[in-house]
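These are the residues of each chain, in order.
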Amino acid sequence: MERTFVLVKPDGVQRGLIGEIIARLEGRGLKLVAAKFMAVSKELAERHYAIHKGKSFYDGLIRYITSAPVMAMVWEGPNAVALVRQTMGATRPHEAAPGTIRHDFALTVGRNLTHASDSVENGIKEIELWFSPGELVAWVRASDEWIFEDN
Ligand code: IDP
Ligand code: MG
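This one's a predicted model, so the numbers in the text were calculated from it and none came from an experiment. (Residues numbered from 1 in each chain as written. Chains lettered and ligands numbered in written order. Predicted model: local features only at pLDDT ≥ 70, side-chain atom pairs only at ≥ 80, totals over all residues. Heavy atoms only, no water.)

Novice: What exactly am I supposed to notice about the site of ligand 1 here?
Specialist: Ligand 1 sits among K9, Y49, H52, F57, L61, Y64, R85, T91, R102, V109 and N112. One nitrogen or oxygen atom from the side chain of N112 is found 2.9 Å from an oxygen atom belonging to ligand 1. The fraction of the free accessible surface of ligand 1 (520 Å²) that becomes covered by protein chains is 75%. When atom positions are compared with the pocket grids, ligand 1 is found to occupy the largest pocket. Here the residues of the shell around ligand 1 sort into five nonpolar, three polar and three charged. (Near = heavy atom within 4 Å. Polar contact = N/O pair within 3.5 Å; in protein donor to acceptor, adjacent residues only side chain to side chain. Areas by Shrake-Rupley, 256 points an atom, 1.4 Å probe, with all protein chains shown as cover. 1 Å grid on protein atoms, 1.4 Å probe; cavity = no way out; pocket = protein on both sides within 12 Å on 5 of 7 lines; lining within 4 Å. Sits in = over half its atoms within 2 Å of the grid points. Nonpolar A, V, L, I, M, F, W, Y, C, P; charged D, E, K, R; others polar.)

Structure follows, in structure tokens:
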């Protein structure tokens, strides 16, 4: 089953939106397999956002993501990567579709509340970066067959 890595960033934590964001992913039918509330070191932030190194917003992005705790999570489901990106909405909140988290709760790209993996491969890498294997919980959800089935 496909997995994706999700962060409620410091602005989401400070604004009391952890529950709202989890509720949207849970409500959609995705299954939580790992979660931890944590401070982010500069080193972890730099590894997570290595792809953006050198861009104009990079230094501010590292300051932002290390400025307060985050809620780091792994969610699972068919097409989890695309589903979660869709629920988060476009990176720039003024381009995010109504009903998405970034549309409904954010105004600027610099405070856009969440991170979600943008591909299955990056999801695997990010999960490995943020979680140890023992922190991922394999479990059977009673409702799985009512949500995950295709037929
Ligand atoms: P994503 O979070 O939707 O995948 P990315 O392009 O990967 O978007 O950018 C990572 C994060 O960097 C964004 O979520 C946002 O917080 C920040 N960011 C991206 N572009 C800008 C910008 O132009 N100004 C300020 N921050 C930016
Ligand atoms: Mg990205």
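So that's the structure; there's more coming.
Novice: How should I be thinking about the sheet that holds strand β1 (residues 3-8) in this particular structure?
Specialist: The pairing of strands in a sheet happens through backbone hydrogen bonds and is either parallel or antiparallel. Strand order in the open sheet formed by four strands is β2-β3-β1-β4, and the pairing between neighbours is antiparallel. Taken across any chain shown, the strands that pair with only one partner, and hence form the sheet edges, are β2 (31-38) and β4 (114-116). Direction aside, neighbouring strands of the sheet carry axes that sit 15 degrees apart on average. Here β1 runs beside β4; their pairing, made up of three bridges, is antiparallel. Counted as the bridge partner of V8 is T114 from β4. (Pairing = 2+ DSSP bridges. Helix = DSSP H or I, 4+ residues; strand = E, 2+ residues; numbered from the N terminus. Axes fitted to C-alpha atoms, helices over the stretch in contact; angles between N-to-C directions.)

Novice: Looking at this structure, how should I read the packing of helix α2 (residues 18-28) against helix α5 (residues 80-88)?
Specialist: The angle between the axes and the distance between the axes are what describe a pair of packed helices. The geometry of α2 relative to α5 is characterised by a closest axis approach of 11 Å and an angle of 135 degrees between their N-to-C directions. As judged from the angle between their axes, α2 and α5 are oblique. Between α2 and α5 lies a crossing of right-handed hand. On α5, the residues touching I21, R24, L25 and R28 of α2 are L83, V84, Q86, T87 and M88. Across the contact of α2 with α5, the residue classes tally to five nonpolar, two polar and two charged. (Parallel < 35°, antiparallel > 145°, perpendicular 65-115°, else oblique. Left-handed = near helix turned anticlockwise from the far one by under 90°. Contact = heavy atoms within 4.5 Å.)

Novice: Help me understand the environment of D144 in this model?
Specialist: Here D144 shows up in helix α8 (residues 144-147). In this structure D144 comes out as buried when scored by relative accessible area, which is 13%. Residues D144 and K9 lie 135 residues apart in sequence; the distance between their C-alpha atoms is 28 Å. For D144, the side chain forms a polar contact with the side chain of R141, separated by 2.8 Å. (Buried < 20%, exposed > 50% of the residue type's maximum accessible area, 1.4 Å probe, protein only.)

Novice: What should I look at first to understand the layout of surface pockets in this one?
Specialist: Reported here for the largest pocket is a volume of approximately 700 Å³. At four residues, helix α7 (residues 120-130) tops the list of elements feeding residues into the lining of the largest pocket. (Points joined across faces, edges and corners; volume = space filled by probe spheres on them.)

Novice: I would appreciate a short explanation of the environment of M88 in the present structure.
Specialist: By the element assignment, M88 lies in helix α5. Judged by its relative accessible area of 2%, M88 falls in the buried class. Between the C-alpha atom of M88 and that of R102, which follows or precedes it by 14 residues, the distance is 5.8 Å. Discounting chain neighbours no more than four positions away, the residues touching M88 are V6, I21, L25, T100, I101, R102, T114 and A116.

Novice: In this structure, what is going on with the side chain of K31? I would like to understand it.
Specialist: The residue K31 is located in strand β2 in this model. Given a relative accessible area of 5%, K31 falls into the buried group. At 2.9 Å, the side chain of K31 and the side chain of D144 are in polar contact.

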